[in-house]
Structure formats: structure tokens, C-alpha cells
Amino acid sequence: MIQRLLGKCDLTTGTIDGSPVSRRRLSEMQDAFGDARACAAILRGDDPVLYTVSTFDVYEGPGHLRCGLGVLFPGRVGEEYFLTRGHLHERREAAEIYVGLRGMGLMLMQREDGTGSTTAELTRDSFVYVPGYTAHRTVNVGDEPLIYLGIYPADAGHDYEPIRAGNFSSVVVCRDGRPAVLPRSEFLHQLQSLRQP
Ligand code: MN
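Overview of the structure.

Analysis parameters
Residues numbered from 1 in each chain as written. Predicted model: local features only at pLDDT ≥ 70, side-chain atom pairs only at ≥ 80, totals over all residues. Heavy atoms only, no water. Core = buried A, V, L, I, M, F, W, Y, C linked by side-chain atoms within 4.5 Å. Buried < 20%, exposed > 50% of the residue type's maximum accessible area, 1.4 Å probe, protein only. Helix = DSSP H or I, 4+ residues; strand = E, 2+ residues; numbered from the N terminus. Contact = heavy atoms within 4.5 Å. Donors = N, O, S within 2.8 Å, 3.2 Å for Na, K, Ca; no water. Polar contact = N/O pair within 3.5 Å; in protein donor to acceptor, adjacent residues only side chain to side chain. Pairing = 2+ DSSP bridges. Axes fitted to C-alpha atoms, helices over the stretch in contact; angles between N-to-C directions. 1 Å grid on protein atoms, 1.4 Å probe; cavity = no way out; pocket = protein on both sides within 12 Å on 5 of 7 lines; lining within 4 Å. Points joined across faces, edges and corners; volume = space filled by probe spheres on them. Nonpolar A, V, L, I, M, F, W, Y, C, P; charged D, E, K, R; others polar. Phe/Tyr/Trp six-rings, centres within 6.5 Å; stacked < 30°, edge-to-face > 60°.

What about the nonpolar core?
Piece 1. Met29, Phe33, Leu50, Val77, Val139 and Val172 are the most contacted members of the largest nonpolar core, which has 31 residues in total.
Piece 2. Looking at this core, the elements that each hand over two or more residues are helix 1 (36-45), strand 4 (49-56), strand 9 (104-111), strand 11 (127-130), strand 12 (134-140), strand 13 (146-153) and strand 14 (170-175).
Piece 3. Apart from residues lying up to four places away in sequence, phenylalanine 33 is in contact with Leu26, Leu50, Val77, Glu80, Tyr81, Phe82 and Leu83.
Piece 4. Counting eight residues, the second largest nonpolar core, distinct from the first, contains Ile16, Phe56, Cys67 and Leu149.

A look at the coordination of the manganese ion
Piece 1. Listed as protein donors to the manganese ion are His87 (NE2), His89 (NE2), Glu96 (OE) and His136 (NE2); their distances from the metal cover 2.0 to 2.3 Å.
Piece 2. For the manganese ion, the single-chain donor residues occur in sequence as H-x1-H-x6-E-x39-H. Like glutamate 96, histidine 89 is buried.

Quick word on the environment of glutamate 93
Piece 1. Structurally, the position occupied by glutamate 93 is in the loop between strand 7 (80-81) and strand 8 (96-102).
Piece 2. The sequence separation of glutamate 93 and glycine 78 amounts to 15 residues, and the corresponding C-alpha distance is 35 Å.
Piece 3. In this view, glutamate 93 contacts Gly132 and Tyr133; residues no more than four positions away in its chain are not counted.
Piece 4. A polar contact is formed between the side chain of glutamate 93 and the side chain of arginine 91, at a distance of 2.7 Å.

Observations concerning the sheet that holds strand 9
Piece 1. In space, the three strands of this open sheet follow the order 10-9-12, with antiparallel pairing throughout. Two strands close off the open sheet at either side, each with one partner strand: strand 10 (117-123) and strand 12. Neighbour to neighbour, the strand axes of the sheet diverge by 25° on average, direction disregarded.
Piece 2. Note: strand 9 against strand 12, seven bridges, orientation antiparallel. Within the sheet, the bridge partner assigned to leucine 106 lies in strand 12 and is valine 139.

Some words on empty space enclosed by the protein
Piece 1. Counted under the stated rule, the structure contains one cavity of 30 Å³ or more.
Piece 2. Reported here for the largest cavity is a volume of approximately 30 Å³.
Piece 3. Lining the largest cavity are Asp31, Ala32, Arg85, Arg137, Ile163, Arg164 and Asn167.
Piece 4. Residue classes in the lining of the largest cavity are distributed as two nonpolar, one polar and four charged.

Some thoughts on the packing of aromatic side chains
Here a ring pair, both rings aromatic, is described through the centre-centre distance and the interplanar angle of the planes.
Piece 1. Tallying each qualifying case throughout the model produces two aromatic pairs.
Piece 2. Both rings, one in phenylalanine 56 and one in tyrosine 59, keep their centres 6.5 Å apart while their planes meet at 55°; by these two values the pair is tilted. Grouping residues by exposure puts phenylalanine 56 and tyrosine 59 together as buried.
Piece 3. Summarising the aromatic geometry, the rings of tyrosine 98 and tyrosine 148 are spaced 5.3 Å apart at their centres and angled 45° between planes, so their arrangement reads as tilted. Note that tyrosine 98 is positioned in strand 8 and tyrosine 148 in strand 13, a separation of 50 residues in sequence. For the pair tyrosine 98 and tyrosine 148, one class covers both residues: buried.

Here it is in C-alpha cells:
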């Protein structure tokens, strides 16, 4: 049965019409950021929504596709730009295409087996192909909402645990007003050195 073949993305509300929206707040994402002190300072005043995802999941089963409209708001925790939690697919071989619709972003990608990591620009005139077996996270390095459509196999599933446990090996930080990608270990070491008594 044909249920629904047309989706409308509203780039001002960040929703696909008629589709549910989920929200992630900073309080749910504290472990994703390196600078715990900066995170706590923000949370003393507010608990900002970092991103929303509106999911078109009408179709189920092998061969079908799903998509999610992601809106990642601009901002930083210390030097680190706002980011999504990041995940692998439960079906590890499942790939995904992210189509940039608005804003300036980076996609962090990291092979689960540790054989490589990379970043790609996600902008309104680009798309990023995320291969299977690759953890992926978006980062908003601009000053307006980053909006994109992620399209993936309907049976891909989401697995957040490996990233929750180990995080990404790279961070994206603001240095001299521009995004810089650093090894997480180097960033954490710099934070520690700065805060030696
Ligand atoms: Mn995905």
C-alpha cells in the first residue's frame, strides 16, 4: 500500500510536516564535550536545546528508506562547537547520505575498527556520503542553525553506545574565530595545562 510519497521540509521550524520531532538538550549531552567546567557553567543558567530531529519513518523493512531532518543550533561549550551525539548504525554495513540545506557544518566520521577518521564540510550546496561501519556526528561551525536531511536504509537502526563509551577521537574547536580539528587527547591536555593551580 502506498502511504505517503511526498515530504515537505520546513527550514524555519526544522520539521518535516506531520513527522515527530525529538529534542536533545545539553544536560543529556554533557559527556560528549571535553570541557566539563564550561558545560556546568552553561547548565547553571540554562539547559539549551542543542539539536532537533524530525523523522520520516513511514516505511519499514528491507529495501525501504527513511530520512531525518536535523537542526543543530549554533553555539559552543567552551571552545567546542555544538554537536550531535553521534552514532553507528545497528546494521553496521548501512550507509547514509546527509544533504546540507542550510548553515555551515562539519561531519566527523570515524571507522569503528580504528582504521581511520576524517571530516567533511556539510553546507547547503554539498552532501556527505557516510559509508557503513563508520560513526558519524555533525558539528555546527557557523552562526546560524545547521540544517540537513539524512537518508538511510529503513532497517539501519541507531547504536549510540560505542560513542557514549568512547567518544570521537577528534574535537572541533574554535581557534582564532575559525574551526580547528584537534585530537581529543591534545585538547584535553591543553585544558588541563591551562587549569593547573
Ligand atoms: Mn546515521
